[in-house]
Amino acid sequence: MSDLTKLTAVEIAGLVASGEASAVEVTHAHLDRIAAVDERVHAFLHVDGEGALAAARRVDERRAAGEELGPLAGVPVAVKDVLTTKGVPTTVGSKILEGWRPPYDSTIVQRLRDAGTVMLGKTNMDEFAMGSSTEYSAYGPTHNPWDLDRIPGGSGGGSAAALAAYEAPLAIGSDTGGSIRQPGAVTGTVGAKPTYGGTSRYGLVAFSSSLDTPGPCARTVLDAALLHQVIGGHDPRDSTSIPAPVPDVVAAAKLGATGDLTGVKLGIVKELTGEGAEPGVMAAFRESVDTLAKLGAEIVEVSCPHFRYALSAYYLIAPSECSSNLARFDGVRFGLRVGDDGNRSLEEVMSLTREAGFGPEVKRRIMLGTYALSSGYYDAYYGQAQKVRTLITRDFTAAFEQVDALISPTTPFVAFPIGARTSDPYQMYLADLFTIPTNLYGGPGISVPCGLSDGLPVGLQVMAPTMADDRMYRVAAALESVVGTFTPPAL
Ligand code: GLN
């Protein structure tokens, strides 16, 4: 049998359904791979070998009993440590939740279980999903399988690295400002941010509630679409969940794979190209634009003038929401508690716990947000940022009157060396220059590998109108049908 870890999710599900491979065999192959490489990659914070094998056994039993299996049954999946998993540690990359075993599953994880996927474990991330490199994890950085001295992106670098290192064929991420798409781009994998409200936030540890969006990560566009279909759709437990079915992303990915984009009009966003992007990134992007045109797409340039303020608006809105959300980590309800010796007041214990439990970037964001929301500054900072958010949404709406989808490079630069940007927060924030507008608008965006620059992967981003997630899958799959998938040098 060929190496099971090198297969796509579709191929694995096919083997399990036909009985050519058991889910237990598939799971063992991936656990062995993790054991062989994860010391160097550090994609996982927790590997749940026993849980995975138990889930795999159930799939094999169901098959033996003649039950109909879903399209991803028996396929291993790695889950970003931002989603609660019943009885399985959930840290959000933070010391403040060390040792916490949630009493319930997030909706996404529940749906993964119901679909018969096999959860291998929890992946590394920047603390509370704040970062672009996974270097802000309290548990040490993840290494990019393309070059172990480089970052795998963030905040979901663990999920992306697990895919690129063949530790898992599928993974879950969450995207607040780019944390699914940017790691996808710099690891040569596919990452999709669904329409806000298209995937449930129930059990997603909140960073910025009006932006947080869980979504699928995979090595191929079709695998990502299948995962999107399984995890997406209305959830009454999430008040911002959209009460509508998931657009048919699987059919769209299959249509795209035929390589025909006749009748599709794409807009290159002027403000997300040229200035700010590395020449190697722009070269790969331009080549992909030519490819998309050859596949029949009509390509025009569109201007979204307010995108230039997106980063500034995001770094007021996201920290403001985080300063409120993270108030719940008080040393009383979850995880860490410091200094509770019977002599200290509740406030002292809270303060000591937060001082010890939060890392420097999280503290920076809480302080920024508290300042932006304080009376006297509220209108000038938070209020102003909200107005900019409206203008950015209007830019998208106007653009989608002219074109079906928008395209840009996913990131301005390829994976940088570990340590290169940690001392300058602004340099780190720039990693999301091209992904943040989509989050402020709420629409879907996908990153698909489009080429290499100096031997490192470059991603192309496709952005679509809200609830038109299918469109971005079609375009991404069409590009993939020509450029193929990307394999890092052997680990
Ligand atoms: N890098 C961005 C930040 O630090 C986005 C993070 C995310 O999408 N979770 O906020």
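These notes cover the structure that comes with them.

So, how was this worked out
Residues numbered from 1 in each chain as written. Predicted model: local features only at pLDDT ≥ 70, side-chain atom pairs only at ≥ 80, totals over all residues. Heavy atoms only, no water. Helix = DSSP H or I, 4+ residues; strand = E, 2+ residues; numbered from the N terminus. Buried < 20%, exposed > 50% of the residue type's maximum accessible area, 1.4 Å probe, protein only. Expected span 1.5 Å × (residues − 1). Contact = heavy atoms within 4.5 Å. Near = heavy atom within 4 Å. Polar contact = N/O pair within 3.5 Å; in protein donor to acceptor, adjacent residues only side chain to side chain. Areas by Shrake-Rupley, 256 points an atom, 1.4 Å probe, with all protein chains shown as cover. Nonpolar A, V, L, I, M, F, W, Y, C, P; charged D, E, K, R; others polar. Pairing = 2+ DSSP bridges. Axes fitted to C-alpha atoms, helices over the stretch in contact; angles between N-to-C directions. Salt bridge = Lys/Arg side-chain N within 4 Å of Asp/Glu carboxyl O. Core = buried A, V, L, I, M, F, W, Y, C linked by side-chain atoms within 4.5 Å.

1. Comments concerning the environment of Gly274
Link 1 in the chain: Considering the arrangement of structural elements, one finds Gly274 in the loop between strand 7 (265-269) and helix 9 (279-294).
Link 2 in the chain: A relative accessible area of 32% places Gly274 in the partly exposed class.
Link 3 in the chain: The spatial distance from the C-alpha of Gly274 to the C-alpha of Pro409 is 9.8 Å, given a sequence separation of 135 residues.

2. Comments concerning helix 9
At 3.6 residues per turn, the α-helix brings residues three or four places apart onto the same side.
Link 1 in the chain: Its 16 residues give helix 9 an end-to-end C-alpha distance of 23 Å, which sits within 8% of 22 Å, the value for a rise of 1.5 Å per residue.
Link 2 in the chain: On its buried side, helix 9 packs onto strand 7, strand 8 (298-302), strand 9 (405-409), strand 10 (445-453), strand 11 (456-463) and helix 16 (469-483).
Link 3 in the chain: Note on helix 9: the residue one or two positions beyond its end, Gly296, has a positive phi of about 110°.

3. A look at the site of the ligand
Link 1 in the chain: As a matter of local geometry, the ligand sits amid 15 residues, with Gly177, Ser179, Tyr314, Arg365 and Asp432 nearest to it.
Link 2 in the chain: Contact distances for the ligand include 2.4 Å between a nitrogen atom and a side-chain N or O atom of Asp432.
Link 3 in the chain: For the ligand, the accessible surface in isolation is 290 Å², of which the surrounding protein chains cover 100%.
Link 4 in the chain: Among the residues forming the shell around the ligand, the class breakdown is five nonpolar, seven polar and three charged.

4. Focus on the sheet that holds strand 2 (residues 76-80)
Link 1 in the chain: Spatially, the eleven strands line up as an open sheet ordered 1-3-2-4-6-5-10-11-9-7-8, and their pairing is mixed. The open sheet has two edge strands, strand 1 (44-47) and strand 8, and neither has a second partner. In this sheet, neighbouring strand axes are inclined to one another by 30° on average, regardless of whether the strands run parallel or antiparallel.
Link 2 in the chain: With two bridges connecting them, strand 5 (residues 190-193) and strand 6 (residues 213-218) associate as antiparallel partners. In the sheet register, Gly191 faces strand 6, and the bridge partner there is Cys217.
Link 3 in the chain: Against the sheet, helix 16 engages strand 5, strand 6, strand 7, strand 10 and strand 11, with an angle of about 20° to strand 10.

5. Notes on the pattern of salt bridges
Link 1 in the chain: Evaluated as defined, the whole model comprises 14 salt bridges.
Link 2 in the chain: Of the charged contacts, one joins Glu67 and Arg62 as a salt bridge, the two residues approaching to 3.0 Å between their closest N and O atoms.
Link 3 in the chain: Arg62 gets classed as partly exposed once you look at its relative accessible area, which sits at 23%.
Link 4 in the chain: When the shortest N-O distance is used, the salt bridge between Asp175 and Arg181 registers 2.9 Å.
Link 5 in the chain: The exposure class of Asp175 is buried, given its relative accessible area of 0%.
Link 6 in the chain: The class of Arg181 is buried, set by a relative accessible area of 0%.
Link 7 in the chain: Salt bridges linked by common partners bring Glu361, Arg364 and Arg365 together as one network.

6. A closer look at the nonpolar core
Link 1 in the chain: Membership of the largest hydrophobic core comes to 151 residues, with the highest contact counts inside it found for Phe128, Ile172, Leu406 and Tyr473.
Link 2 in the chain: Ranked by the residues each element gives to this core, the list is headed by helix 10 (residues 310-325), at nine residues.
Link 3 in the chain: Leaving out residues up to four positions away in the same chain, Tyr473 has contacts with Ala192, Pro216, Val221, Ala224, Ala225, His228, Val249, Ala252, Ala253 and Ile446.

7. Regarding the pairing of strand 4 (residues 170-175)
Consecutive residues of a regular strand have side chains that alternate between opposite faces of the sheet.
Link 1 in the chain: The element strand 4 is largely enclosed, with a buried count of six among its six residues.
Link 2 in the chain: Side-chain alternation along strand 4 places Leu170, Ile172 and Ser174 on one buried face and Ala171, Gly173 and Asp175 on a second face that is also buried.
Link 3 in the chain: In this sheet, strand 4 lies alongside strand 2 in parallel orientation, the contact comprising three bridges. Among the inter-strand pairings, Ala78 is bridged to a residue of strand 4, identified as Ala171.
Link 4 in the chain: In this sheet, strand 6 lies alongside strand 4 in antiparallel orientation, the contact comprising six bridges. Paired with Ser174 across the two strands is Pro214, which belongs to strand 6.

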